[in-house]
Amino acid sequence: NGYVEDADGRFDWAEPDVQEVPKYPLGLARGQVAATYIVAEAEDGLVIIDQHAAHERLVLERMRAAREGGTIARQPLLMPEVVELEETDCGRIEGAADELAGMGLEVERFGPTSILVRATPVALGKTDVHGLLSDLAAELAELGSALSLQEKLDHVSATIACHGSVRAGRVLSVAEMNALLREMEVTPRSGQCNHGRPTWVKLGHAEMEKVFGRR
């Protein structure tokens with residue numbers, strides 16, 4: 001009841017809220033466009049948020065904070081999952097096993113072309129373990145030996161965070177949208193995604209008036 005889809009399923013609008021707009025920097029969620037962008041009304045204009053990019057940054061910052069505090073929570077898998085990869089990729093994952101364990105991802109070599117996954121970071125929730133390991137192997141291959149361990153950890157954390165973030169195309173409730181906005185407002189660097197692109201843009205009242213020729 002919090003949103004309505006049009007005939008094409010491309011536009012979801014939040015239930016009207018007649019209350020005064022609170023003085024939140026990113027405003028109050030009013031709906032979704034294409035199940036990808038959150039539209040919020042702020043005191044000084046309209047805010048559009050890329051839900052995947054924004055949540056990806058939030059997950060990364062949570063992981064960084066937990067890593068620095070040594071408290072990344074992990075979720076043991078009821079049935080350890082075997083992931084088949086190229087032998088070279090298995091070697092890269094095996095070589096980074098200690099660092100991955102520090103991020104809540106417990107893996108071990110399970111034959112020439114297999115990796116056994118015993119636990120994943122709680123922040124990921126239910127995730128595609130094969131896709132995650134494939135992406136991590138590709139990331140480790142690209143990084144090579146050119147970066148410091150800390151820089152590598154940041155890159156690997158970003159890859160893990162991508163798998164734990166809200167995807168584009170997922171319909172969110174109004175409460176979920178507002179929770180995302182409130183967390184963004186108190187999270188460092190939340191204005192940029194993990195790849196340096198903006199997570200939100202604001203169209204001020206004056207800009208909207210110019211667009212519609214009102215001034």
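Cut-offs applied
- Residues numbered from 1 in each chain as written.
- Predicted model: local features only at pLDDT ≥ 70, side-chain atom pairs only at ≥ 80, totals over all residues.
- Heavy atoms only, no water.
- Helix = DSSP H or I, 4+ residues; strand = E, 2+ residues; numbered from the N terminus.
- Buried < 20%, exposed > 50% of the residue type's maximum accessible area, 1.4 Å probe, protein only.
- Expected span 1.5 Å × (residues − 1).
- Polar contact = N/O pair within 3.5 Å; in protein donor to acceptor, adjacent residues only side chain to side chain.

*Asks:* Honestly, unusual backbone geometry in this entry has me stumped. Any pointers?
*Replies:* Peptide bonds are mostly trans, and most non-glycine residues show a negative phi. In this model, Ala-34 sits at a positive phi of 55°, which is unusual for a non-glycine residue. Relative to the helices and strands, Ala-34 is located in the loop between strand S3 (28-33) and strand S4 (37-42). In this structure Ala-34 comes out as buried when scored by relative accessible area, which is 16%. Notably, Arg-189 is not glycine yet its phi reads approximately 65°, a positive angle. One can find Arg-189 in the loop between helix H6 (174-185) and strand S9 (200-204).

*Asks:* Please explain helix H4 (residues 129-143) as it appears in this structure.
*Replies:* It helps to recall that an α-helix has 3.6 residues per turn; residues three or four apart then point in one direction. The first and last C-alpha atoms of H4 sit 21 Å apart over 15 residues, in line with the 21 Å expected at 1.5 Å per residue. Turning to H4, its buried residues are Val-129, Gly-131, Leu-132, Leu-133, Leu-136, Ala-137, Glu-139, Leu-140 and Leu-143. Near the N-terminus of H4, the side chain that reaches the backbone nitrogen of His-130, with its oxygen 3.3 Å away, is that of Asp-128. Note on H4: the residue one or two positions beyond its end, Gly-144, has a positive phi of about 55°.

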